[in-house]
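Analysis of the macromolecular model
Listed here are the chains, written in short residue letters.
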Amino acid sequence: NSEFTNSYHDTIRFTIKVSSCESYERLEKSIRYASLIRENECDEASYQNLLNEVEVSKTAIESDDAQAVYEQTLKLEAALAQLIKLPGTPVVEIGQTDYKTLRLSWNTTSYADAYQIYRKTPTSEEYSYVTTTSDTEAMMTVTTGKEYAYYVVAIKNEEEGLVSSNPSNVVKGTTQLEGIPALSI
């Protein structure tokens, strides 16, 4: 019984250690990202708040206190979120252009550099990445009579990588041969 208890406690300690490592990594990444923000890119109060949170974050890391690191990670990420201009979420529409092409279109969103399109085919259960475009429409070649589902994500290029919007609404479309009505059973 004591073997089980020791094993259980070791598992708990390992789990805490792993999640602590993830918090440390997230906090260090946030500190690196915060260092890229310049004072002239935001108001003085927000910038000073960010600098203060960075200093507290460094102290939390040095203290080697996992709870303090976790809490400070959340605070620094919140301070960053106030300063980063995230791209807006696109609203997508779908239509048929011919018997084998669906046309996706969406609004231009603030702060977006490009848009990523994701699709679910009739034979897949998951959405997969299709392409990235700077346009606000795309033509998708499909198999006639099969239903496809799409969503779009606005992206912004940052020095630390891509920042993305929330996924758009999901749109579904099926093409048909012109002049031949779709059959439903």
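Refer to the structure above for everything that follows.
The notes below deal with the structure included here. (Residues numbered from 1 in each chain as written. Predicted model: local features only at pLDDT ≥ 70, side-chain atom pairs only at ≥ 80, totals over all residues. Heavy atoms only, no water.)

Here we look at the overall build of the chain
Counting its secondary structure elements, the chain contains 3 helices and 8 strands. Start at the N end of the chain and walk to the C end: the helices and strands fall as α-α-α-β-β-β-β-β-β-β-β. By the burial criterion, 31% of the 185 residues in the chain qualify as buried. In the chain, of all internal contacts separated by at least 6 residues, the share reaching a separation of at least 24 is 62%. Carbon together with sulfur atoms contributes 49% to the accessible area of the chain, which is approximately 12,000 Å² in total. (Helix = DSSP H or I, 4+ residues; strand = E, 2+ residues; numbered from the N terminus. Buried < 20%, exposed > 50% of the residue type's maximum accessible area, 1.4 Å probe, protein only. Contact = heavy atoms within 4.5 Å. Areas by Shrake-Rupley, 256 points an atom, 1.4 Å probe, with all protein chains shown as cover.)

Topic: the packing of aromatic side chains
Summed over the entire model, instances satisfying the criterion amount to 4 aromatic pairs. Note on Tyr 118 and Tyr 151: the rings are 5.0 Å apart at their centroids and 10° apart in plane angle, and the pair reads as stacked. On the criterion of sequence distance, the pair formed by Tyr 118 in strand S3 (residues 114-120) and Tyr 151 in strand S6 (residues 147-158) is long-range, its members being 33 residues apart. Classification of Tyr 118 as buried rests on a relative accessible area of 18%. Through a chain of ring-to-ring contacts, three or more aromatic side chains come together here, namely Tyr 118, Tyr 127, Tyr 129 and Tyr 151. (Phe/Tyr/Trp six-rings, centres within 6.5 Å; stacked < 30°, edge-to-face > 60°.)

Some thoughts on the sheet that holds strand S5 (residues 137-141)
The pairing of strands in a sheet comes from backbone hydrogen bonds and takes either a parallel or an antiparallel form. A sheet is described by the order of its strands in space; here 3 strands give the open sequence S1-S2-S5, paired in antiparallel fashion. Because the sheet does not close on itself, it has two edges, and the strands there are strand S1 (92-98) and S5. Adjacent strand axes in the sheet meet at a mean angle of 25°, parallel and antiparallel pairs treated alike. Here 5 bridges tie strand S2 (residues 101-106) to S5, and the two strands are oriented antiparallel to one another. Each residue of the ladder has a partner; that of Thr 101, found in S5, is Thr 141. (Pairing = 2+ DSSP bridges. Axes fitted to C-alpha atoms, helices over the stretch in contact; angles between N-to-C directions.)

Re helix H2 (residues 44-63)
Taking 1.5 Å of rise per residue, 20 residues should cover 28 Å, and H2 covers 29 Å from first to last C-alpha, within 8% of that figure. Among the residues of H2, Ser 46, Tyr 47, Leu 50, Glu 53, Val 54, Ser 57 and Ala 60 are the ones counted as buried. Down the axis of H2, the sector holding all buried residues measures 135°, keeping them to one side. The outward face of H2, more than 90 degrees from its buried face, is lined by the exposed residues Glu 44, Ala 45 and Glu 62. (Expected span 1.5 Å × (residues − 1). Arc of directions from axis to C-beta.)

As for the side chain of Ser 57
Its location among the elements puts Ser 57 in helix H2. In this structure the side chain of Ser 57 is engaged in a polar contact, spanning 2.6 Å, whose partner is the backbone oxygen of Glu 53. Sequence-distant contacts of Ser 57, defined by excluding residues within four places in its chain, comprise Leu 27, Ile 31, Gln 72 and Leu 76. (Polar contact = N/O pair within 3.5 Å; in protein donor to acceptor, adjacent residues only side chain to side chain.)

Examining the pattern of salt bridges
Proximity of charged atoms lets side chains of opposite charge pair with each other. With the rule as written, the count across this model stands at 2 salt bridges. Residues Glu 55 and Lys 58 are paired through a salt bridge, measuring 3.9 Å at the closest nitrogen-oxygen approach. On the criterion of helical spacing, the pair formed by Glu 55 and Lys 58 is a turn pair, its members being 3 residues apart in helix H2. With relative accessibility at 39%, the residue Lys 58 sits in the partly exposed group. (Salt bridge = Lys/Arg side-chain N within 4 Å of Asp/Glu carboxyl O.)

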